[in-house]
Amino acid sequence: MVNTTIKTTKSQEIFAAAQNLMPGGVSSPVRAFKSVGGQPIVFDRVKGAYIWDVDGNQYIDYVGTWGPAICGHTHPEVITALHEALEKGTSFGAPSVLENILAEMVIAAVPSIEMVRFVNSGTEACMAVLRLMRAFTGRDKIIKFEGCYHGHADMFLVKAGSGVATLGLPDSPGVPKSATSHTLTAPFNDLEAVKELFEENSDQIAGVILEPVVGNAGFIPPDAGFLEGLRELTQEHGALLVFDEVMTGFRIAYGGAQEKFGVTPDLTTLGKIIGGGLPVGAYGGRRDIMSMVAPAGPVYQAGTLSGNPLAMTAGIKTLELLQKQGTYEYLDSITKKLAEGLLQIAHQTGHAACGGQISGMFGLFFTNGPVHNYEDAKKSDTAKFGRFHRGMLERGIYLAPSQFEAGFTSIAHTEEDIERTLTAARDVMSTL
Ligand SMILES: *Cc1c(COP(=O)(O)O)cnc(C)c1O
């Protein structure tokens, strides 16, 4: 066997220093590699489908800064547009035509969106949409699904028990019970559980929020009829349906999961891709609902840097690039090759595994599956995933450092990158 151990001395030094400066040495928890063991590599630069760390090692990247890098990192057209925008100013705190342009693009693309508000992160978009759901319906309760992530706001930090549905108990110290007492949870893909919650809480539920394709519990697609069923149930009970498409928007299809599955929610949250790698978020939907947002209406929500000209510019250019003929066909074909290849290799090397992909989003669980929800996903052999992750990293492949995160490809990934990745996977899986 070849000695694949890479030299990461500088990464180790920098991360050791970081741990004394920032909690866990990071600005966001998963980056610390806690769930896969070992130490994170420290990035120096990114380009196309690749990352270079501070020790000069190169990796094929399947995280893509958690989704935004769908055109590949530092795409030359995005960078050129940013240079031009930079000269005109980094922040206006006032209206700019860039907001109109991106808003028009988002409205044209996403079936549910008739009006949109830009914010600075997916977390912010989800917080704001929750306030709007409650204001519009005059109801307080919401339904979310186990394993779905909607940012780190108090009301969403609910880890459900193993029961069919539980009244939310906070997931983190510092979240008061009162903040999550209106958050009801159900298992993903379980329409019956949602039906029961509606019956038990009649006329009290403002709406249902979900990742239409789950990416924050690993990759879990909706079962046939699930999204349609939620659409019917919410309508029947005078509640709103909200798709959190912060991850899936412009990734599952140009118009997001709602275009792909033909189910139109009332409201949608976006982020990640629409900022083209700069901090951004957005929420939008039906005109009658969005008209309640200040200053058009009474529902307060604001932001000093919202609609930031650099973020708008990177978003506009990224969406333009995605409009090119064949983008999603290409993403689907390379990602299918990757996901099917990984699964086949896992089975050939004797591992229990299941997984899948849609467009440029994929996942692999070390369990026989099928995985329909978070409970199923948790049956994965996470220790094995940790060893797999480490082995791939040592062979120059950067996967998301958790079994419970989806993987992402970009239009910069080549067939050859996929083949190199599968060769590395065969090597690693045969020694797991
Ligand atoms: C990433 C993500 C968020 C949070 O977005 P941030 O920009 O990290 O605050 C919310 N919902 C979903 C589905 C996400 O994937």
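Residues numbered from 1 in each chain as written. Predicted model: local features only at pLDDT ≥ 70, side-chain atom pairs only at ≥ 80, totals over all residues. Heavy atoms only, no water.

Overview of the overall build of the protein
A count of helical and extended segments in the protein gives 14 helices and 14 strands. What you see for the protein is a C-alpha radius of gyration of 21 Å, in line with the 22 Å of a compact globule of 432 residues. Buried positions account for 56% of the 432 residues belonging to the protein. Contacts in the protein between residues far apart in sequence, at least 24 positions, make up 71% of those at least 6 positions apart. Summed over its atoms, the accessible surface of the protein is roughly 18,000 Å², and 53% of this surface lies on carbon and sulfur atoms. (Helix = DSSP H or I, 4+ residues; strand = E, 2+ residues; numbered from the N terminus. Rg over C-alpha atoms; globule rule 2.2 N^0.38 Å. Buried < 20%, exposed > 50% of the residue type's maximum accessible area, 1.4 Å probe, protein only. Contact = heavy atoms within 4.5 Å. Areas by Shrake-Rupley, 256 points an atom, 1.4 Å probe, with all protein chains shown as cover.)

Observations concerning the sheet that holds strand β8 (residues 240-244)
Strand order in the open sheet made by the 7 strands is β4-β10-β9-β8-β7-β5-β6, with mixed pairing throughout. Both edges of this open sheet fall to β4 (115-119) and β6 (183-186), since each of them pairs with a single strand only. Neighbouring strand axes in the sheet, compared pairwise and without regard to direction, differ in orientation by 20° on average. (Pairing = 2+ DSSP bridges. Axes fitted to C-alpha atoms, helices over the stretch in contact; angles between N-to-C directions.)

Considerations on the environment of Glu416
Tracing the chain through its elements places Glu416 in helix α14 (residues 415-429). You can call Glu416 exposed: its relative accessible area is 55%. Measuring from C-alpha to C-alpha, the distance between Glu416 and Ile334 comes to 9.9 Å, with 82 residues separating the pair along the chain.

Comments concerning a negative patch on the surface
On the surface, a cluster of negative charge is contributed by Glu196, Glu199, Glu200, Glu228, Glu232 and Glu236. With respect to the helices and strands, Glu200 occurs in helix α6 (residues 191-200). (Patch = residues over 30% accessible without salt bridge, like charges linked within 9 Å, V, L, I, M, F, W, Y side chains within 5 Å. Salt bridge = Lys/Arg side-chain N within 4 Å of Asp/Glu carboxyl O. Lys, Arg positive; Asp, Glu negative; His and termini not counted. Charge placed at Lys NZ, Arg CZ, Asp CG, Glu CD.)

Considering the pattern of salt bridges
Taken as a whole, this structure holds 14 salt bridges when the rule is applied. For Lys337, the salt bridge identified is with Glu419, shortest N-O distance 2.9 Å. Residue Lys337 is located in helix α11 (residues 327-348), and its partner Glu419 is located in helix α14; the two are separated by 82 residues in the primary sequence. Relative accessible area serves as the criterion here: at 41%, Glu419 is assigned to the partly exposed category. Through salt bridges that share partners, Glu77, Lys317, Glu320 and Lys324 make up one connected network.

Let's talk about the state of the cysteines
Inspection of the entire model under this criterion finds 0 disulfides. Here Cys354 stays unpaired: no disulfide links it, and the sulfur of Cys148, its closest cysteine neighbor, is 17 Å away. In this structure Cys354 comes out as buried when scored by relative accessible area, which is 13%. (Disulfide = S-S within 2.5 Å.)

Some words on the sheet that holds strand β13 (residues 397-398)
The strand order β1-β2-β3-β13 describes an open sheet built from 4 strands, whose pairing is mixed. A single partner strand is all that each edge strand has here, and the edge strands are β1 (43-47) and β13.

Remarks on the pairing of strand β5 (residues 141-145)
Within β5, 5 of the 5 residues are buried, leaving the element largely enclosed by the surrounding structure. With 3 bridges connecting them, β5 and strand β7 (residues 205-210) associate as parallel partners. Pairing of Lys141 across the sheet is with Ile205, part of β7. Here β5 runs beside β6; their pairing, made up of 4 bridges, is parallel. Residue pairing in the sheet places Lys144 in a bridge with Thr185 of β6.

What about the packing of helix α2 (residues 76-88) against helix α10 (residues 309-322)?
Interaxial distance between α2 and α10 falls to 9 Å at its minimum, and their mutual angle equals 150°. When the axes of α2 and α10 are compared, the pair comes out roughly antiparallel. Considering how the two elements wind past one another, α2 and α10 form a crossing that is right-handed. On α10, the residues that touch Glu77, Val78, Ala81, Leu82, Ala85 and Leu86 of α2 are Leu310, Thr313, Ala314, Lys317, Thr318 and Leu321. Tallied by class, residues from the contact of α2 with α10 come to 8 nonpolar, 2 polar and 2 charged. (Parallel < 35°, antiparallel > 145°, perpendicular 65-115°, else oblique. Left-handed = near helix turned anticlockwise from the far one by under 90°. Nonpolar A, V, L, I, M, F, W, Y, C, P; charged D, E, K, R; others polar.)

A look at the environment of Gly276
Tracing the backbone through its elements, the reader meets Gly276 in the loop between β9 (267-271) and β10 (281-285). Considered as a pair, Gly276 and Thr318 are 42 residues apart in the sequence and their alpha carbons are 5.5 Å apart. Not counting residues within four places of it along the chain, the set of residues in contact with Gly276 comprises Val78, Ala314, Gly315 and Thr318.

Observations regarding the site of the ligand
Taken together, Ser121, Gly122, Thr123, Tyr149, His150, Gly151, Glu211, Asn216, Asp244, Val246, Met247 and Lys272 make up the full set of residues adjacent to the ligand. The contact in question runs from an oxygen atom of the ligand to an N or O atom on the side chain of Thr123, over 2.6 Å. At a separation of 3.1 Å, an oxygen atom of the ligand approaches a polar side-chain atom of Asn216. Per-class residue counts for the shell around the ligand are 3 nonpolar, 6 polar and 3 charged. (Near = heavy atom within 4 Å. Polar contact = N/O pair within 3.5 Å; in protein donor to acceptor, adjacent residues only side chain to side chain.)

What about α14?
Three or four residues apart is the spacing at which side chains of an α-helix point the same way, because the helix has 3.6 residues per turn. Here α14 is 15 residues long and its end C-alpha atoms lie 21 Å apart, about the 21 Å a rise of 1.5 Å per residue gives. Of all the positions in α14, only Asp417, Ile418, Thr421, Leu422, Ala424, Ala425, Val428 and Met429 are classed as buried. For α14, the buried positions fall inside an angular range of 165° around the axis, keeping them on one side. Seen from the open side of α14, the exposed residues pointing more than 90 degrees away from its buried face are Glu416 and Thr423. Its buried side turned inward, α14 meets β2 (50-53), β3 (58-61), α11, β12 (361-365), α13 (382-394) and β13. (Expected span 1.5 Å × (residues − 1). Arc of directions from axis to C-beta.)

A look at the nonpolar core
Core analysis: the biggest nonpolar cluster contains 33 residues, and Tyr62, Leu342, Leu364, Phe388, Met392 and Tyr398 have the highest contact counts within it. Among the secondary structure elements, those contributing two or more residues to this core are β3, α11, β12, α13, β13 and α14. If you tally residues by element for this core, the top one is α11, at 7 residues. Here Met392 is in contact with Ile397, Leu399, Thr421, Ala424, Ala425 and Val428, once residues within four sequence places are set aside. In terms of nonpolar packing, the next biggest core, distinct from the first, is built from 31 residues, Ile70, Leu102, Ala311 and Leu322 among them. (Core = buried A, V, L, I, M, F, W, Y, C linked by side-chain atoms within 4.5 Å.)

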